[in-house]
Structures are given as C-alpha cells and as structure tokens.
Protein chains: 2
Amino acid sequence: MAKVDTSLVAHLPLFGGVKPEDLDEILREARSARYPKNSTIFEQGADAQSFFLLLHGHVRAAKTTPTGEQIVVRYVSPGETFGLAMAIGAARYPATAMAVDDSVVLIWPTSAWPRLIERFPALAANTLQTVGTRLQESHTRILEISTQQVEQRVAHALLRLAKQSGKKVDHGIEIDFPISRQDIAQMTGTTLHTVSRILSGWEQQGLVESGRQRIILRDPHRIVVLAERTVDSGPA
Amino acid sequence: MAKVDTSLVAHLPLFGGVKPEDLDEILREARSARYPKNSTIFEQGADAQSFFLLLHGHVRAAKTTPTGEQIVVRYVSPGETFGLAMAIGAARYPATAMAVDDSVVLIWPTSAWPRLIERFPALAANTLQTVGTRLQESHTRILEISTQQVEQRVAHALLRLAKQSGKKVDHGIEIDFPISRQDIAQMTGTTLHTVSRILSGWEQQGLVESGRQRIILRDPHRIVVLAERTVDSGPA
DNA sequence: CCGGTTGTTTGCGATAGCGCAAAACGGGCC
DNA sequence: GGCCCGTTTTGCGCTATCGCAAACAACCGG
C-alpha cells in the first residue's frame, strides 16, 4: 500500500494537536484510493463502513428524497473529511458522495473510529469543531432559503464556491471543478431553468462568463452587491 | 448555590460513559439559573461566555438576518444542551435563545470547556454525536424546504414538535409549550398568513384544534399522510 | 468527422404563496 | 367588568418562480 507522507496532512485541522508520531500511527490505519471523475464513493443508505479524508480532487455530497429529488449538501475540498456517519452514531450514510473530478482519498474503517478518538482525543475535539461549523453553515443556508429570493441565493452560492474553490484566471475567478446549472439549483433550492435564466442575465451584464459546467466570476464585487441587495426594486 | 442532584442528569446522552464521581466534578463547575417565560437567555452576536443544559422548560433558538427576518433554528427540550458556540470555535453566539416557558438551566462558563473535554473525553464524543445528529436534521430540513410544498412542511413540523414535546390529551396530542403561527412559519420557511390559512383548513377537517399559541393534533395519522403526500393532486 | 448524449437556453402559460390591509378574537390587567 | 394589546383570520390582487416543451450547443467516442 502506498505510504502517505505525514507532512502532507500534518497541517490539516483534523490533526491539530496531534503529535507527529501519533499522526503516523493514525495514518497507518488508513489506506488511500483513487476515484475517477463521476464515480460514486458511497451511496446514501449504504452501510457506513468507512470515513474519508479528501487529498486531491472534489467530491459532491448529495441527499435524495424518496421521490428522487436531490439537494447538494456540500462540495468537499481537499483537506476536508466526509462520510463521518459514525460521528453521529449512524450506521448508514445519510447522503451520496461522488467524485466530480479525479480524486484521491484516505480511507479509514469506521470500526477504527472509537479506538482512534480514545487514543487521540484531539481527533474528537477537532471533528466536533468542523461538524459544528458545518452545522452553523447549514443554518445560514436555511436562513437564506427561507428569506431571500432566488437571485440572491444563487449569488451567495457562487461567491461561496469561489471562495472555497476559486482559481484566479485572467480577469476573474473560475470555479475549478465542473459544476452544472442543475448542481447550483440543488444548492439553492430552485430549478435548473431558473438558474440558467439568472446566469444568462448576469452574463449579458458582464457579471459572469459561463459555459458547459464551467463558471467564471468576472465581477465578484457586483455579485456581492446582488447577494446583499434587499428585496426592493433595483434602479428605477 | 443550589446543588444539582447527579441522579437527575446522569442518564442524559451528554454524560454517557462518564463515571458518577466524574459527573459530580463536572456539575460542580456549573451553576443553575431560572429564566422566566419570554426572557432572553443570550442574544445572537453576544460574547459566548457560557454554554447551557436545559433542565426544565423550553427554549427557542432563532437566527436573525441583518434585515430583521428570523428563522427558528430549533426548540430545545429538557435534557438538551444549547449555546455550544465554543464547540465550533466561535466567540459569539450564532443565534438568540429565549425561554418560551419558565425554564431552568445549568450554566457552565465557556472557558471551562477545554479543560472538561481534556479530562473527560467522553464529553467531546457525546457532544460530537448530538451536533452530528443536528447537522443531519438540518440537512433534512433543507431538503424539505427545497422540495416540498408549504403544507407538507407544516405537517412535518407539527409532527416533529408533537414527537419532541407532545403531551397526550383527551383526544389527541398537544404541543406542550406556547407556539404561534409566526413561530411555525419561521420553522418552515413561510409566512404566518400561510400557516394560519393551512391550520384553519385543517381545523375544518378535524385534523387539528388550535387557538392562541396552542395546537392540538386531533388526527396525527392523517397529518402523516399529508406530510408524505407527493405534489400531485388530491382526491380527483 | 459524424452521431449521440448530456447540458443549456428560452418561450409561454400556470399557480402557489406572498404581501397588504382590515377585521375579529381572546386574555390578561387594572 | 371593561380596555388594551398581541394573535389570528381572511379577502384580494400580484408576481416570482415553476413546469413543460422544444430548440440549441458542446463535448465524447468511434
């Protein structure tokens, strides 16, 4: 099995307060794997046999209703954990994880978790911190869906994606993984049609440039303004 | 200061895996306080100086936008913790907590948390579990707001309230704390007007009986049906 | 280089739910 | 017992957004 260099992961929040030699021990329990673009890492409802740390690539976590509709729970960036079902005492994954880019992950067996946190309590504290942060973000998202119009929500979503995974390009910021209108719709609680209309509009105003699964923010500042705009009318 | 009997709280999830004598030590760091109905326990944005365990009563956690709109994040029931800002490494409370009933809480200073989890790692593990569960519930809520119609969402909200804080009464289940249409609107991402219309309709069909800040589910079973109903039309 | 597949754009109704306004209601307080 | 205030109800027009359908466009594999 490929050995993972501790120096590559030592700085991650997950391992804060863990001594280097302990880190080595933790990593010895993991294996690494590569998931090609568009492959499924685990499926909602499946036995939660493992938990993951993303090293390279991007992973989309999505939740599906009984009737087949989905929402994107989040996009996972390198350095983040996902599939932490055991942290909440769940035996099954509450969402589906799919690689949106060729991705590399570290995989621990779920069964190792209790022992790991007992030996290295910092792991539990760190995980609590990240899960807590996600909870707060989740509440913010509920607040937005509940109180803002679609256009503002899409603006917020793009700004967040740009912050999280934006790559500077010539004149603007590009979201550096493939993302469709449908995906954005599923992040903002709307339909791909509405997202398409909004982006078309923005494109005409020079706010963004976009194409097939590709979005570049050309004028982030004005998008921020849009995101914060109150419901009342624009320029009379 | 009133001494808290360990036997009253020993069974709570928060203290799972904590030895009785340790529990005693943990409780010694807390003080208890009583908040009368409608009093504010802490305000969004305030310094997170304490975290709380609810012993009696009910607490509403709500988040407010810059423009003054709010959502109800959750209702806290006895035995649950709240105000865990430190768990996510936040210096300020992300929401406002208000007692909806006369309530009694245990209060620990935020500063005690790091020491507590170091000495009693089970606390971190237990808290991780509850925060993780809340995160999942939060995702479920996003899924509902994004994919269901208002009526279904209200149905789900009432069923959850009934499960969490329902009191059996003559013919039905009563939500055993004061809750207004506005509150329900803020839980489901709609307006008090719409909630009022829906409840009026349900009342006529004998599904619920309600009044000023009071709701009784008369026919939970049919409400479940409503909650699960797909968007398509009702009886042709 | 071509055909198929997947993602995007856009037009055009249809409508669920909002927002405003006003009236009715209920309960506690003096 | 009567008044005042917060809550609830309800009517009515409005519109943001959906939903469907159809035409495009871009990429992929052969």
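## Side note on the domain arrangement of chain A
Residues and elements named next belong to chain A.
Phase 1: Here the domain parsing of chain A yields domain 1 (6-144) and domain 2 (149-228).
Phase 2: Using C-alpha coordinates to define each centre, domain 1 is positioned 26 Å away from domain 2.
Phase 3: Taken together, the contacts link 15 residues of domain 1 with 13 residues of domain 2.
Phase 4: Between domain 1 and domain 2 the total buried area reaches about 1,200 Å² when both faces are included, carbon and sulfur atoms providing 44% of it.
Phase 5: On the domain 1 side of the interface with domain 2, the three residues burying the most area are His58, Tyr75 and Glu144, jointly 49% of the side's total.
Phase 6: Linking domain 1 with domain 2 are two salt bridges, by the criterion used here.
Phase 7: A salt bridge links glutamate 144 to arginine 160, with the shortest nitrogen-to-oxygen separation between them at 2.4 Å.
Phase 8: Summed over the shared surface of domain 1 and domain 2, the result is ten residue pairs in polar contact (both at pLDDT 80 or more).
Phase 9: Mapped by element, the contributors of at least two residues to the side of domain 1 that touches domain 2 are strand E5 (70-76) and helix H4 (121-147).
Phase 10: At five residues, the largest contribution of residues to the side of domain 1 that touches domain 2 is made by E5.
Phase 11: For the side of domain 1 that touches domain 2, the class distribution of residues is five nonpolar, four polar and six charged.

## Remarks on the pairing of strand E10 (residues 172-175) of chain B
Residue and element names in this part refer to chain B.
Phase 1: Here four bridges tie strand E9 (residues 166-169) to E10, and the two strands are oriented antiparallel to one another. Bridge pairing in E10 places valine 169 opposite glycine 172.
Phase 2: As consecutive antiparallel partners, E9 and E10 are separated by two residues.
Phase 3: With two bridges joining them, E10 and strand E12 (residues 214-217) adopt antiparallel strand pairing. Counted as the bridge partner of glutamate 174 is isoleucine 216 from E12.

## Structural notes on the interface of chain B and chain A
Phase 1: Contacts between the two partners involve 38 residues from chain B and, on the opposite side, 38 residues from chain A.
Phase 2: Counting across the interface, chain B meets chain A through zero salt bridges.
Phase 3: On the surface where chain B and chain A come into contact, there are one residue pair in polar contact (both at pLDDT 80 or more).
Phase 4: Listed by contribution, the elements that provide at least two residues to the side of chain B that touches chain A are strand E4 (59-64), strand E5 (70-76), helix H3 (113-119) and helix H4 (121-147) of chain B.
Phase 5: By residue number, the principal contributor to the side of chain B that touches chain A is H4(B), which donates 21 residues.
Phase 6: Grouping the constituent residues of the side of chain B that touches chain A by class yields 17 nonpolar, 17 polar and four charged.

## A short note on the relation of the copies chain B and chain A
Phase 1: Overlay of chain B on chain A (RMSD 0.0 Å): rotation 180°, translation along the axis 0.0 Å. Between the two chains, the operation in question is that of a two-fold axis.
Phase 2: Comparing interface residues between copies, 100% of those in chain B also sit at the interface in chain A, which points to an isologous, same-surface contact.

## A word on the protein's contact with DNA strand D
Phase 1: Near DNA strand D you find 19 residues, and of these A:Thr190, A:Thr194, A:Arg197, B:Arg181 and B:Ser196 are the closest.
Phase 2: Sugar and phosphate atoms form 65% of the subset of DNA strand D atoms that lie within 4 Å of the protein.
Phase 3: Between DNA strand D and B:Arg197, the relevant distance is 3.3 Å, taken from a base nitrogen to a side-chain nitrogen or oxygen of the residue.
Phase 4: For the surface near DNA strand D, the element with the highest residue contribution is helix H7 (residues 192-204) of chain B, accounting for five residues.
Phase 5: Residues of the surface near DNA strand D, tallied by class, amount to two nonpolar, twelve polar and five charged.

What counts and how
Residues numbered from 1 in each chain as written. Chains lettered and ligands numbered in written order. Predicted model: local features only at pLDDT ≥ 70, side-chain atom pairs only at ≥ 80, totals over all residues. Heavy atoms only, no water. Domains from an automatic or database assignment. Contact = heavy atoms within 4.5 Å. Buried area = accessible area lost by both parts, 1.4 Å probe. Salt bridge = Lys/Arg side-chain N within 4 Å of Asp/Glu carboxyl O. Polar contact = N/O pair within 3.5 Å; in protein donor to acceptor, adjacent residues only side chain to side chain. Helix = DSSP H or I, 4+ residues; strand = E, 2+ residues; numbered from the N terminus. Nonpolar A, V, L, I, M, F, W, Y, C, P; charged D, E, K, R; others polar. Pairing = 2+ DSSP bridges. Least-squares fit on C-alpha atoms with pLDDT ≥ 70 in both. Near = heavy atom within 4 Å.

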